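Listed here are the chains, written in short residue letters.
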Amino acid sequence: MASVTLRRLSKVFDGGVQALHHLDLDVRDGELLVLLGPSGSGKTTVLRCIAGLEEPTTGEVVIGERVVTHDSPAERDVAMVFQSQALYPYLTVRENIAFPLEMRGLAHAQATRRVLETATRLGLQSVLDRLPSQLSEGERQRAALGRAIVRGPQVFLLDEPLARLDAPLRIELRAEVLALHRAIAATMIYVTHDQAEAMTMGQRIAVLHEGRLRQVGTPEEVYQRPADVHVARFFGTPGMNVLQGRGRAGDKGRVIEAGSLVIPVELSTYEGELQLGIRPEYVGLCAVDQGVGNVDVLVVEPLGSETLVHLNAGGQPLVARLPGFADVRVGTRVGVKVDRRRLYLFDAAGAPVA
Amino acid sequence: MLSTRKLGLGLLSVAVSAPFLYMVSVSLMGESELLRWPPPLLPQKPTFGNYAAALAALPYAKVFLNTAILAGCVMVGQVLTSAAAGYAFARMRFPGRDGIFAAFLATLMLPAMLLVIPRFLLVNAVGWVDTYPGLISTELVSVLGIVLMRQSFLMLPRDVEEAARLDGAGEWTLFWRVMLPLARPAVITLALLAFMDQWRNFLWPLIVTRSADMAVAEVALAQFHSTYSGNWPYQMAAAVLVTLPVWLVCLIGQRYLMQGWRITGAAVRL
Ligand SMILES: Nc1ncnc2c1ncn2[C@@H]1O[C@H](COP(=O)(O)OP(=O)(O)OP(=O)(O)O)[C@@H](O)[C@H]1O
Ligand SMILES: [Mg+2]
């Protein structure tokens, strides 16, 4: 096993698209790091640079103690599960899993044993002699995992391996990947665009946005202390409310005006444009004129354990998440309470304001 | 609109198949039947006598063997050279790659006749006239085959290839074990096209072979034709026999042949 280090990694594609901007990332030996970001943020490009399928424009890739930036994929001892699975369509599951062993010249008897072990671990024994086209989506994904783990490489890269599966299967396989990680104690980089998946899987989460690494931290850190407004918006279902506002001196100390809300804050100096973040669970409703401002109720979504209420705060959208079934009517006007200790302030560019 | 199109296609298919059907029909007639006016469309009393006679008159076994050796060797050879070159042009990086490919394409514009004399002189110089190597060697590389294979390699998704690289496959394994099987439909298409092409090859065998022992199907048929020029049913029976393998290949391989034409069409348009 080995650590993976990216130093000032940048990638500019031939067409001039800059997919990655000066990435610095340290993945520890044996860690499961989740790389999270919306579609097009550069997640696949990061994996491809680590695997050696893409040459970085500048910067370095280090695996273990070795700088491998210009080594071929085969020299890096990295396995990757592709977004598209990329099984060999004309080989059976058994032959697919055996292929990497054969390429490394493993003796036949030993290879057969390893293939069987791997297949057993992934529950593939009964489909070993089928072609990929004769498998279910879940089995195909397991086969792709099998081909990656069978030769016990130093680093595993998984590119949205579960994105194509339906929800129950995704949860099942997610647990299997976690178990697999524990069992083989491998260094894994797991790519997903699903923040909930990232929260449940990662020891640490690296958040990528528009080719820049915004934050690396534990699930709790990225949720509680987002490094910028993009990270803040990204986590949670629904994500954090972000209102555009201004800070100014009011009658009773400093306030932030955002839409129809006027919220007192303990900001000593800040004046001018601000972005105000509030998670939906810390937005409460009350009678008109009793809170920090009045809002119109647009949509009410009762989900059983909670109710999501979509509000219009003077032209800016705001979502409140209330426990159980809330007694709120669409079209009415209500007051808003916010938990002031749970406010996040960002400047106009999205950086946090202390 | 649709019905005019259908009508057009219908007429076209009649125009294309009518000569073949008539060839079969005539081959089943008696010798004198065709002398009547107007010539009959169908035999009065179908007879297989012409076939028996044609089989006896032609050195059939030898001719078929020669043609099969030519078509078979060229088929295998063209598949190998086209696949290797097509793969290199599609997936490898080397200086001058696209220029060389353009030069290959340009040779498609040269009339085949132009090359016959230099080819003959070359073959003559190495003493291969009237031998199998002389017959086969110059046909082993096909520019159209290279174009076809290059195009089909270009159309394959990258991810399986990349998975194989990560799995540790070298360039040769990648070509032989991963890419070639993926391109199997194109390989089959190319093999069929090469086979049919060679079965009907006339000009080159006519020039490079001399002895009756070396005659291939089309050449033998031409000789047969000059020997029995008056007897049409007889000639048609020989023609049916000689073209039979091509018909069979065409029938069995329809799907692949259509696909091949589509791929090369796309490639040439690029
Ligand atoms: N070969 C390429 N040539 C040019 N641009 C590319 C290439 N590959 C990716 N890009 C661009 O780089 C950016 C990052 O792409 P990448 O595939 O890494 O995103 P991603 O985060 O994996 O997205 P997704 O979740 O949709 O898979 C995108 O804007 C994409 O259009
Ligand atoms: Mg991707």
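See above for the structure.
To keep things clear, this report deals only with the structure shown in the data block. (Residues numbered from 1 in each chain as written. Chains lettered and ligands numbered in written order. Predicted model: local features only at pLDDT ≥ 70, side-chain atom pairs only at ≥ 80, totals over all residues. Heavy atoms only, no water.)

Here we look at the overall build of chain A
Here is step 1 of the chain: A count of helices and strands for chain A gives nine helices and 20 strands.
Here is step 2 of the chain: Residues classed as buried in chain A amount to 52% of the 354 residues present.
Here is step 3 of the chain: A fraction of 66% describes how many contacts in chain A between residues 6 or more apart in sequence connect residues 24 or more apart.
Here is step 4 of the chain: Accessible surface computed for chain A: about 15700 Å², of which carbon and sulfur atoms make up 50%.
Here is step 5 of the chain: Averaging the coordinates of the 39 positive side-chain charges in chain A and doing the same for the 42 negative ones gives two points 1 Å apart. (Helix = DSSP H or I, 4+ residues; strand = E, 2+ residues; numbered from the N terminus. Buried < 20%, exposed > 50% of the residue type's maximum accessible area, 1.4 Å probe, protein only. Contact = heavy atoms within 4.5 Å. Areas by Shrake-Rupley, 256 points an atom, 1.4 Å probe, with all protein chains shown as cover. Lys, Arg positive; Asp, Glu negative; His and termini not counted. Charge placed at Lys NZ, Arg CZ, Asp CG, Glu CD.)

Overview of a nonpolar patch on the surface
Residue and element names in this part refer to chain B.
Here is step 1 of the chain: Residues Leu9, Leu12, Val16 and Phe20 make up a contiguous nonpolar surface patch of about 400 Å² in total accessible area.
Here is step 2 of the chain: Within the secondary structure layout, Val16 lies in helix H1 (residues 2-27).
Here is step 3 of the chain: A residue is classified by how much of its surface remains accessible, and Val16, at 54% relative accessible area, is exposed. (Patch = residues over 30% accessible without salt bridge, like charges linked within 9 Å, V, L, I, M, F, W, Y side chains within 5 Å. Salt bridge = Lys/Arg side-chain N within 4 Å of Asp/Glu carboxyl O.)

What to know about empty space enclosed by the protein
Here is step 1 of the chain: Counted by the stated rule, this structure contains one cavity of 30 Å³ or more.
Here is step 2 of the chain: Lining the largest cavity are Ala79, Met80, Phe82, Ala144, Arg147, Ala148 and Arg151 of chain A together with Ala163, Leu166 and Asp167 of chain B.
Here is step 3 of the chain: Sorting the residues of the lining of the largest cavity by element identifies strand S6 (78-81) and helix H5 (137-149) of chain A together with helix H8 (158-167) of chain B as the ones contributing at least two each. (1 Å grid on protein atoms, 1.4 Å probe; cavity = no way out; pocket = protein on both sides within 12 Å on 5 of 7 lines; lining within 4 Å. Points joined across faces, edges and corners; volume = space filled by probe spheres on them.)

So, the interface of chain A and chain B
Here is step 1 of the chain: At the interface, 21 residues of chain A touch 15 residues of chain B.
Here is step 2 of the chain: Counting the surface chain A buries against chain B, the share from its top three residues, Tyr88, Tyr90 and Met103 of chain A, is 31%.
Here is step 3 of the chain: When the shortest N-O distance is used, the salt bridge between Glu102 of chain A and Arg177 of chain B registers 2.6 Å.
Here is step 4 of the chain: Within the residue set of the side of chain A that touches chain B, elements represented by two or more residues are helix H1 (43-51), helix H2 (73-76), S6 and helix H3 (93-103) of chain A.
Here is step 5 of the chain: Ranked by residue count, the leading element in the side of chain A that touches chain B is H3 of chain A, at four residues.
Here is step 6 of the chain: Each residue belonging to the side of chain A that touches chain B can be placed in one class, and the counts come to 15 nonpolar, one polar and five charged. (Buried area = accessible area lost by both parts, 1.4 Å probe. Nonpolar A, V, L, I, M, F, W, Y, C, P; charged D, E, K, R; others polar.)

Focus: the packing of aromatic side chains
Here is step 1 of the chain: Counting across every chain of the model gives 17 aromatic pairs over all chains.
Here is step 2 of the chain: Considering the side-chain rings of Tyr88 of chain A and Phe99 of chain A, the 4.5 Å spacing of their centres and the 50° angle between planes classify their relative orientation as tilted. Here Phe99 of chain A lies in helix H3 and Tyr88 of chain A lies in the loop between S6 and H3, a separation of eleven residues in the sequence. With respect to burial, Tyr88 of chain A and Phe99 of chain A carry one shared label: buried.
Here is step 3 of the chain: On the basis of an interplanar angle of 70° and a centroid distance of 5.6 Å, the ring pair of Phe89 of chain B and Phe104 of chain B is categorised as edge-to-face. Linking Phe89 of chain B in helix H3 (residues 60-91) with Phe104 of chain B in helix H4 (residues 97-107), this pair joins segments that are 15 residues apart in sequence.
Here is step 4 of the chain: The exposure class assigned to Phe89 of chain B is buried, which follows from its relative accessible area of 7%.
Here is step 5 of the chain: Ring pairing ties together the aromatic residues Tyr87, Phe153, Trp172, Phe175 and Trp176 of chain B, which thus form one cluster.
Here is step 6 of the chain: Across from the ring centre of Trp204 of chain B, 4.3 Å away, lies the NZ or CZ of Arg119 of chain B, which sits over that ring.
Here is step 7 of the chain: Lying across the ring of Tyr256 of chain B, Arg255 of chain B places its NZ or CZ 4.5 Å from the centre. (Phe/Tyr/Trp six-rings, centres within 6.5 Å; stacked < 30°, edge-to-face > 60°. Lys NZ or Arg CZ within 6 Å of the ring centre and 35° of its normal.)

Structural notes on the sheet that holds strand S5 (residues 66-67) of chain A
Residue and element names in this part refer to chain A.
Here is step 1 of the chain: Taken in spatial order, the four strands of this open sheet run S2-S1-S4-S5, and their pairing is antiparallel. Both outer strands of the open sheet, strand S2 (18-27) and S5, are each paired with one neighbouring strand and no more.
Here is step 2 of the chain: Both strand S1 (residues 4-12) and strand S4 (residues 58-63) contribute to a ladder of five bridges, which runs antiparallel. Bridge pairing in S4 links Arg7 to Glu60. (Pairing = 2+ DSSP bridges.)

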